[in-house]
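Chain by chain, the residues:
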Number of protein chains: 2
Amino acid sequence: MKTYTIKEMSELYHIPASTLRYYEEIGLLVNVGRTANHQRIYTDEHIVRMDGITCFKNTGLPIAQIQEFYRYECDIPANIDAIIALVEKHEADTVRQIEKMQSDLLHIRHKVRFYQGIKKAIDNQTQWPDWNEI
Amino acid sequence: MKTYTIKEMSELYHIPASTLRYYEEIGLLVNVGRTANHQRIYTDEHIVRMDGITCFKNTGLPIAQIQEFYRYECDIPANIDAIIALVEKHEADTVRQIEKMQSDLLHIRHKVRFYQGIKKAIDNQTQWPDWNEI
DNA sequence: TCTTGAGTTCAAGTATACTTGAAGTGTTAC
DNA sequence: GTAACACTTCAAGTATACTTGAACTCAAGA
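Note that the coordinates shown come from a computational prediction; the quantities given were computed from them, not determined experimentally.

Chemist: Let's hear about the protein's contact with DNA strand D: which residues, and what values?
Modeler: Neighbouring residues of DNA strand D: 16 residues in total, closest R34, H38 and R40 of chain A together with T19 and Y23 of chain B. Protein-adjacent atoms of DNA strand D, using a 4 Å cutoff, are sugar or phosphate at a proportion of 83%. Measuring from a phosphate oxygen of DNA strand D, one finds a side-chain N or O atom of R40 of chain A at 2.6 Å. For DNA strand D, a phosphate oxygen lies 2.9 Å from a polar atom in the side chain of Y23 of chain B. Among the elements of the structure, α1 (6–13) of chain A together with α2 (17–25) of chain B are those that each provide at least two residues to the surface near DNA strand D. Looking at the surface near DNA strand D element by element, the count peaks at four residues for α2 of chain B. Class assignment of the residues belonging to the surface near DNA strand D gives a composition of six nonpolar, five polar and five charged.

Below is the structure:
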């Protein structure tokens, strides 16, 4: 069975080792083994968990709700409705968030074109562009 | 000229009035007028500014960088290169963020289908689905 | 007139998510 | 064998972005 040190995990997920210790402390990572010298040993179980945690975090789910999800996940049959409610809501929230960001991206791109137009006008000593004409 | 009270702004942007006062305190909102009774008066200038601020915030630009952007913006000719660098970088960051969220959304949707499959299996007393088969 | 509601300033407090420091142990490189 | 490095625990500190509380002013309605 493949195992991972804290440093390997840290490099794999581009997060400091302290964050991995913190996730364990707050119960997001569980069953983390130790060597004879008390060093943490992570397994593929933790890889799967970290993939889930980073996906949730990335899409803006607060730590408290990630904890809630994994608490439910300990007893799936007992909590299946709550689990489905949580992930379906988070799916909808994520879709909305992406749509909002896509429209914000258009706004940002408009700003980029606007200031590029101003730079061109400065360089050529011509009239500045108008926000609505660009 | 159309003006807005703090309450109207608060309702327009779905943020508490305290946040509008805070944005003014840290210099994100400037030239906010007052009535004879010291009540804030916002104008279309502030609407434009708030649209920019919410766009930047939404796409994850930290307040410190939003402040930086608007400090540059006070003297566009002097700072045009810095402004373009900032917005172009933020455009690229936003594109990356959207792409990451889109792939995270697939992960979330996989979870949704997985747990829906489990619920179906529980209801029908059949075998649970496998993560990789769904 | 009195109360309700909206606003004001200023300082202090809070929530979230880590991060850092201190003091120590064990393993590898020269 | 000793220095450098990686790791440990535990408590305390930090960064970001607001939020709340206290004490007050002003205008409108019953």
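Chemist: Just give me the short version of the relation of the copies chain A and chain B, but keep the residues and values in it.
Modeler: You can overlay chain A on chain B at an RMSD of 0.0 Å; the transform is a turn of 180° with a shift of 0.0 Å along its axis. Taken together, the rotation and translation relating the two chain copies correspond to the operation of a two-fold axis. Among all C-alpha atoms of chain A, that of I98 of chain A lies closest to the rotation axis, at 3.2 Å. The residues that chain A uses at the interface reappear at the interface of chain B in 100% of cases, marking a shared surface.

Chemist: Can you break down the packing of aromatic side chains residue by residue, with the values?
Modeler: The tally for this structure, following the rule as stated, stands at 14 aromatic pairs over all chains. On the basis of an interplanar angle of 80° and a centroid distance of 4.8 Å, the ring pair of F69 of chain A and Y70 of chain A is categorised as edge-to-face. The exposure classification of F69 of chain A matches that of Y70 of chain A, with both residues buried. Here F114 of chain B and Y115 of chain B contribute two aromatic rings whose centre-to-centre distance is 5.1 Å and whose plane-to-plane angle is 70°, an arrangement assigned as edge-to-face. An aromatic cluster is built from F56, F69 and Y70 of chain A together with F114, Y115 and W131 of chain B, whose rings are joined through pairwise contacts. Over the face of the ring belonging to Y4 of chain A we find K2 of chain A, whose NZ or CZ atom lies 4.5 Å from the ring centre. Residue placement shows R49 of chain A over the ring face of Y70 of chain A; its charged tip is 3.9 Å from the ring centre.

Chemist: Could you give an account of the sheet that holds strand β1 (residues 3–4) of chain B, naming the residues involved and the relevant values?
Modeler: Two strands in a sheet stick together by hydrogen bonds in their backbones, pointing the same way (parallel) or opposite ways (antiparallel). Residue and element names in this part refer to chain B. Read from one edge of the open sheet, three strands run β1-β3-β2, paired in antiparallel fashion. Of all the strands in the sheet, just β1 and β2 (33–34) have a single pairing partner and so form its edges. Of the strand pairs in this sheet, β1 and strand β3 (residues 40–43) are connected by two bridges, and their pairing is antiparallel. Across the sheet, residue Y4 finds its bridge partner in β3, namely Y42. Most of the contacts of helix α3 (residues 44–58) go to β3, to which it runs at about 75°, and overall it touches β1 and β3.

Chemist: Outline the interface of chain A and chain B, listing residues and values.
Modeler: Accessible area lost on assembly of the parts is the figure often given for the size of an interface. Facing 39 residues of chain A, the contacting portion of chain B comprises 39 residues. Overall, the association of chain A and chain B removes approximately 3,600 Å² of surface from exposure, summing both partners, and the carbon and sulfur fraction of that is 76%. It is M101, I108 and Y115 of chain A in chain A that bury the most area against chain B; as a group they hold 19% of the surface buried on that side. Taken together, the links from chain A to chain B amount to four salt bridges. With a closest N to O distance of 2.8 Å, E91 of chain B and R109 of chain A form a salt bridge. Across the contact surface, chain A and chain B share eight residue pairs in polar contact (both at pLDDT 80 or more). Among the secondary structure elements, those contributing two or more residues to the side of chain A that touches chain B are α3 (44–58), α4 (63–73) and α5 (76–124) of chain A. Of all the elements, α5 of chain A adds the most residues to the side of chain A that touches chain B, at 29 residues.

Rules used in this analysis
- Residues numbered from 1 in each chain as written.
- Chains lettered and ligands numbered in written order.
- Predicted model: local features only at pLDDT ≥ 70, side-chain atom pairs only at ≥ 80, totals over all residues.
- Heavy atoms only, no water.
- Near = heavy atom within 4 Å.
- Polar contact = N/O pair within 3.5 Å; in protein donor to acceptor, adjacent residues only side chain to side chain.
- Helix = DSSP H or I, 4+ residues; strand = E, 2+ residues; numbered from the N terminus.
- Nonpolar A, V, L, I, M, F, W, Y, C, P; charged D, E, K, R; others polar.
- Least-squares fit on C-alpha atoms with pLDDT ≥ 70 in both.
- Contact = heavy atoms within 4.5 Å.
- Phe/Tyr/Trp six-rings, centres within 6.5 Å; stacked < 30°, edge-to-face > 60°.
- Buried < 20%, exposed > 50% of the residue type's maximum accessible area, 1.4 Å probe, protein only.
- Lys NZ or Arg CZ within 6 Å of the ring centre and 35° of its normal.
- Pairing = 2+ DSSP bridges.
- Axes fitted to C-alpha atoms, helices over the stretch in contact; angles between N-to-C directions.
- Buried area = accessible area lost by both parts, 1.4 Å probe.
- Salt bridge = Lys/Arg side-chain N within 4 Å of Asp/Glu carboxyl O.

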